[in-house]
Structure formats: structure tokens, C-alpha cells
Amino acid sequence: MILEALEREGVEYIFGYPGGANLPIYQHLHEHPKLKHILVRHEQGAAHMADGYARACGRPGVVFATSGPGALNLVTGLCTAYMDSVPIIAITGQVNSTQVGRDAFQESDVIGATSSVTKHSYLVTKIDQLPRVIHEAFHIATTGRPGPVLIDICKDVQMADAERVTAERLHIPGYKLNGHIDLNHAKQAAEALAGAERPVILAGHGIILSHAEAQLQELAETAATPVGTTLLGIGGFPVKHPLSLHMTGFMGTGWCLKAVQNADVLMMVGMRVDDRVTAKLSEFAPNVKTFIHVDIDGSEMGKNVRPHIELVADAKQALAAMLPHIGTLQADRGRWLSQIDAWREEHPLRYKHSNGQLQPQDVLIDMYRRADSEAIVVADVGQNQIWAALWWNYDRPGLFINSGGAGTMGFALPAAIGAKFGRPELPVWCVAGEGGFVMTAQELSVAVEHQLDVKIVLLNNLSLGMVRQFQDDFYGGVRSQVDLTHMPDFVKLSEAYGMPALRVEKLEDIGLALDAAERTKGPFLIDFRIDPEANVYPIVPLGKGLGEFWEAPENA
Amino acid sequence: MPEATARLRPAPSPGSTGHFPASGEELATSRVRVLSVLVEDGQNTLTKIAGAVRRRGFHIRGLSIGPTREPGRSRITLEVDHGHAEADQVRKQLERLVDVVEVEDLTGDEVHNRELVVAKVKTLELARLIQRGAKVISTDTDGTTVEFSGDRDEIFDFVEELARHGIVDVVRSGPLVMRRTV
């Protein structure tokens, strides 16, 4: 019945791992050929695959795991999805309902362990609850602010005979969707933006989740207002658009940070305004007279920054409601926009490439030149993530995928695999450091088994680069436990998994290696040996305000 | 005896993490919100509410729970210290929970605020307690058991008075709060 219900919800892929407490489900899997099951090599990989799948194609990712360790291995993946508002349905096996609470073999309190990293969760102890629960879970995961939902199903329920049950009506009176826009607030927001002297819009993941990119662009153009995105908002506004400020936050572009720190009206749409965006909170956007905050989750209002005008609504509807009130723009934006252009000239993205070593930006620039906007980049966490965010000019949603809120190392490879299942027509590049890569490298088997066209770009600096950079700059220069000299030979490792790979140490070999990767069908890995001293810039020193960003040293 | 007295005394200052519900005076100046929460009565409802309060850095100072007229729904009365967060964050965080149907913030409203105390005291000399409105439930060789209900300040005073009678045991129900005008 579980599998029937999943078919009814339109599920195509399940990322899972069988075990004692979910065997009754697996027994009947072959009777449902429409459900394609991807056998992962570790449950964390399943959660990240479902996550990458959902971010790439917009449909919820589905995960199976058994009880105890199987379910607990999902926790990091659920947290990753929860922090970034990604819809996942995790179906975990639980011991028989008569054994719950007796410390049975592989029993653990999965609901208890996952409550804080799921949008909602269910323990199913009776068969008649199941159809309603599955239907509700999909509804809750995909509506409003999306998020992971976990269904823990006792083994005896999985085996119980049930009459053919169709989906029941939803019964979730406590589940509130903020579909009602306060038009008065929308008007106020539009007028504040239109009347501003130095307005800035910051856009987060909510733009992408609500498919509001067209409305955002129209609003920005109508109100002649520049737009920066958060790390997760990348793709919500075209980077090459003249009004683009690129990325904001403590590793954002210099011209964006200057604009934020000098703005008089700041509109934040579909974002949580977290510490990575604000840096030192008391110095965030100090010249703003009117903060406007648009988010579908009312609890975000005033959680970090108290807005003067709040709009608790879906981003697309909110922006559409604001548009008619922008009217014909009275304010003159010429000075503000040319000031921003001046900052763009003054603080460009740059990197030091005069020491003869391979720079990560050299690799990314060549990749972008080939792919333009016709590829998905899935980044891991650390320096590789910020380089991949800043050095590609993503022009639409869904092309850049990474773990923003949770910052989960090991995310990239399984998420890239999931993204490829979700968007098979697009090339998928997995960009990772060697530290994060080995955390989930076992999933290479999945890429090889399904001959997925996932190309892995390892930016290998033989160290935990971001941690090393922080230690160098903010922790007295003491390098502690960041040396990763002792790692496998990644070319041999790939070959052991049954996939081709190359190592690149020189600038002139980048193109050849990327050619080889593109020519090869199926997965491919390139181990780029980059400058071990390469750093991420700009960066705001820990504890400082956004205005105090450091820039890359200039080339000698 | 002194130990029992110390345990019963409310937290001395706003912002302290004492477990005991505050006096009315203290509540008025502290960061404690009084919330009436209508919930779907599920297996995990209370855990999820307590979890949401804990992980947002809030602290439960008082709690009571009981059925409502609607089958399958319970009413939880919470007194929550919201710490450094904005006052309305407690309500908003609870509203996010799928099991929560409705949250009313009753802080500072005109309310009936009642609590029940059941206490056993050593003495048989109960005039002062009875004068305050206590009712005797039972008397036996090692003392007398009384019950008392009242608003926050009455409870506070009653518990102080109890201490003078030699407390053997005391339990309190947690707050029950209802708006005066519906």
C-alpha cells in the first residue's frame, strides 16, 4: 500500500537502502516498475540525492531507510534539506508496534531524533492511518515553505493487510498556508521602494522556490533597483543583468556589500537574513531607514532584523502585488546606479594568478566558458562552494545547487547524482574539495552503476582550505588539523570504482582534461591540484560589519 | 524545612532561569509570555512544542495541559521566557508547528489566571490557611492535606504562608489562563 500511495503521488525515483525493518516494503518493490529505486551506499547519500533531485527538478525527493542506524544516518541529510527548505519525504522502517519502547534490535526513537530537522513527522502504528499520512506528508513537504517530512512506519503495519485504500482528504487543521497577501502592506512596500533614493533588493532561495524570477526582474527594472542574491538565491536574478549586484553576505561581492551598507531602503525577499548575510548584526545596513521583509514564513519577521514593512506571503504573489504600485518612477536613480557602477569598477572580483600555480578560478572560468548557462553546478561546502558561486554567471534558477544553511560537507557528490536523475538533459558538474568529497565518496558506485553523466571537478589543495584560511586570518595563524596530504590517489580511486579520471597540475592542461570529461560518456573525475594557499575573497573578517570586507591581493 | 521553602520561592529576578512560575509582579516586568495553545492531540505534540521552545533558546516556566470540548484537541497553557528573542517569536515559532491549531498570546490581557495547590502540612492549626480560602481534603496522624486555588499573587502568598506551617509535601498544577471577555 505504501508503494501504491507513492505511485499515486507521482513519485519516479526512490533513493534508499533496505534493512530489517523495511523489508516488507522491499518485498513488493518489483511489482511497481514505475518506481525506480536507486540503491545508495550509505543512507546519508540517499538523503542528499533526494535533496539534489528536488532542488534540480522541483519535485519532492523520496528516501527509504530502515530503523535504527539506517534512519539515524539520514539526520544530516534531513537537516541539510530543512535548513534550505527542500521538500523530501523520508520513509523509515520502525520495529513492530508491539516492540516499540522495548529497546528492540535496531530500534531508535527516530521521531525524537529528527523532530528538530523536519518540517513535520509521523509515527504510523496502524494501517488505516497510512493513506492519509502519506498524502498529508507530500502536501506538507511541498507547500508553503517546503521542507522534509519523515514517516516512521512500524514493520507490522508494512505487513498488514489492507483493503485498497485511496487517498483520504487532508486533516491538518494546524497547518497554515500564508496565501493571503496584505495588499496595504504591498502598496506601502512598493511606495517605499519607488520613493527611495538608494534602494537595494536582496533575494533569497524563496525567489527560486516560488518561481518568482520574472516578477523580481520586472520589479527591479520598473523600480530601477539593483538586486543582490544570497548564496541560495543565486540564479534568482541573472548575474549579467546590469542591475545585478551578484552575491551578498560575508563572502559577497564588494560592490554588493557597498550598496547594502549605503542603502536607504532595503527589501529582503524570500530569505532568513541569517548571520552569513548580515555579518555583525549591529552594523548591518546602517543607513537603511526602511527595511522591507517578504517571506512566506511569518516567524522570519523580526527573527534577526525587525522590518518596518512586512509581507508574509509567497514571493511571487507578493512581488506581483507590489508591481502596479511602483507606477512611473519619480525618483532619479541615475546617481545611485552610477555610484554602484563605480564600486563595481573599484572592487571587482579578482584573484591572484601570478605565482605559476593552478588557481581554482582558472578551472571554473574555463568550465563556465564551455557550459555557459546550460549546465548544473553542484558545489560542496568550503572554499570550493564560494568559488563556484562567484565565478559562474548563473542566469536562471536551478543551475547552482549547494548546502547553504547547514553547510554539509559531503553534500556535492550525492546531490549531483540526484540532480542528474532530476534533470537528465543537462550536464551536471560536481565541484568539491577533497575533504568533503571523501566524506561521501562511496556514492561513486551509484554514478558508475547508472553510468550517470556526472563530471566531478575536485579542487584539491591537500588541506581543509576554508578552515586553513580562517586559522591563518582569524585564529592567530595557527594551522591545526587541516593537513590532508594523506589522501587516496583520486585517479586510482576512481578507476577502482570503474570510472575514468585524470590529474591536472598545470594551467595549460585544464582545457584538455575538461575536453576529455565532456567527451566521455558516464561519470568522470578530474583531480585538479590547485594552489594550496588560494583563498576566498572578498571576505568579511569574523565579528566585523559587512563594510569591512577584505579583497584579494592584486597581481604583482 | 528551609530547603522546601527555598525551593518554593519564585525566581528572584526577571531573566533568571528558575523553574518556578513567577509572581504577578515579576511577570509584569519580565520576558515571560503567557500563551494559550490549542493543539491536535497527537503522540508527539507535547514533545514537539517543548522541542520548539527549547531549540529556539526559550524556557518553559509554567505548563498545564488538558482536554477541550472538541474531541482530539487539547489546550496547553504555557508561560515561556523568550530570552533575547523578540517577544512575539515564541508565538510565531509555535504557530509553525503542524500540530498547533491556534496560539493566543494572553500576556498583559485581562484574564482569569488560576492555579491549584495541594499541600500537606504538619500542623493541625489551620485557621490562617482556611481564612485564605484553603479547603481541607484529609487529616491523618502525620498532618493535614489542603487544597487552594487562586490567581498568581494569591498562590504566591499562600505558598509563603504554607511554609510557616511546616510543609510535608506540596504540588502545584501550573497556570490555567482564560480571557475575561471572549
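Computed from a predicted model, the values in this text were never measured in an experiment. (Residues numbered from 1 in each chain as written. Chains lettered and ligands numbered in written order. Predicted model: local features only at pLDDT ≥ 70, side-chain atom pairs only at ≥ 80, totals over all residues. Heavy atoms only, no water.)

Draft legend 1. View of the sheet that holds strand β8 (residues 227-229) of chain A. Residue and element names in this part refer to chain A. In spatial order, the strands read β9-β8-β7-β10-β11-β12; together these six strands make up an open sheet with parallel pairing. Every other strand in the sheet has two partners, leaving β9 (244-247) and β12 (309-312) as the edge strands with one partner each. Pairwise comparison of adjacent strand axes, ignoring direction, gives a mean angle of 15 degrees for this sheet. The strands touched by helix α12 (residues 254-262) are β7 (199-203), β8, β9 and β10 (265-269); relative to β9, the strand with the most contacts, the crossing angle is about 110 degrees. Packing of helix α14 (residues 315-322) onto the sheet brings it into contact with β10, β11 (290-295) and β12, and relative to β10 it is tilted by some 145 degrees. (Pairing = 2+ DSSP bridges. Helix = DSSP H or I, 4+ residues; strand = E, 2+ residues; numbered from the N terminus. Axes fitted to C-alpha atoms, helices over the stretch in contact; angles between N-to-C directions. Contact = heavy atoms within 4.5 Å.)

Draft legend 2. Spatial organisation of the interface of chain B and chain A. Between chain B and chain A, the contact holds 19 residues from the first and 24 residues from the second. Summed over both sides, the interface between chain B and chain A buries roughly 1,700 Å², with carbon and sulfur atoms accounting for 43% of that surface. On the chain B side of the contact with chain A, K48, R96 and V98 of chain B bury the most area, a combined 34% of that side's loss. If you look at where chain B meets chain A, you find three salt bridges. Here R306 of chain A and E86 of chain B are joined by a salt bridge, their closest N and O atoms 2.5 Å apart. Viewed at the interface, chain A and chain B are joined by nine residue pairs in polar contact (both at pLDDT 80 or more). Secondary structure elements with two or more residues in the side of chain B that touches chain A: α3 (45-55), α4 (89-95) and β4 (100-105) of chain B. For the side of chain B that touches chain A, the element with the highest residue contribution is α4 of chain B, accounting for four residues. (Buried area = accessible area lost by both parts, 1.4 Å probe. Salt bridge = Lys/Arg side-chain N within 4 Å of Asp/Glu carboxyl O. Polar contact = N/O pair within 3.5 Å; in protein donor to acceptor, adjacent residues only side chain to side chain.)

Draft legend 3. Structural context of the sheet that holds strand β1 (residues 13-16) of chain A. All names here are of chain A. If you walk across this open sheet you meet the six strands as β2-β1-β3-β4-β6-β5, and the pairing is parallel. Only two strands of the sheet have a single neighbouring strand rather than two, namely β2 (36-39) and β5 (120-124). Ignoring strand direction, the axes of neighbouring strands in this sheet form an average angle of 20 degrees. Examined bridge by bridge, strand β4 (residues 88-94) and strand β6 (residues 148-154) share seven bridges and lie parallel to one another. Within β6, the position partnered with Q94 by the bridge is C154. The strands that helix α3 (residues 43-57) touches are β1, β2, β3 (61-65) and β4; relative to β3, the one it contacts most, it runs at about 170 degrees.

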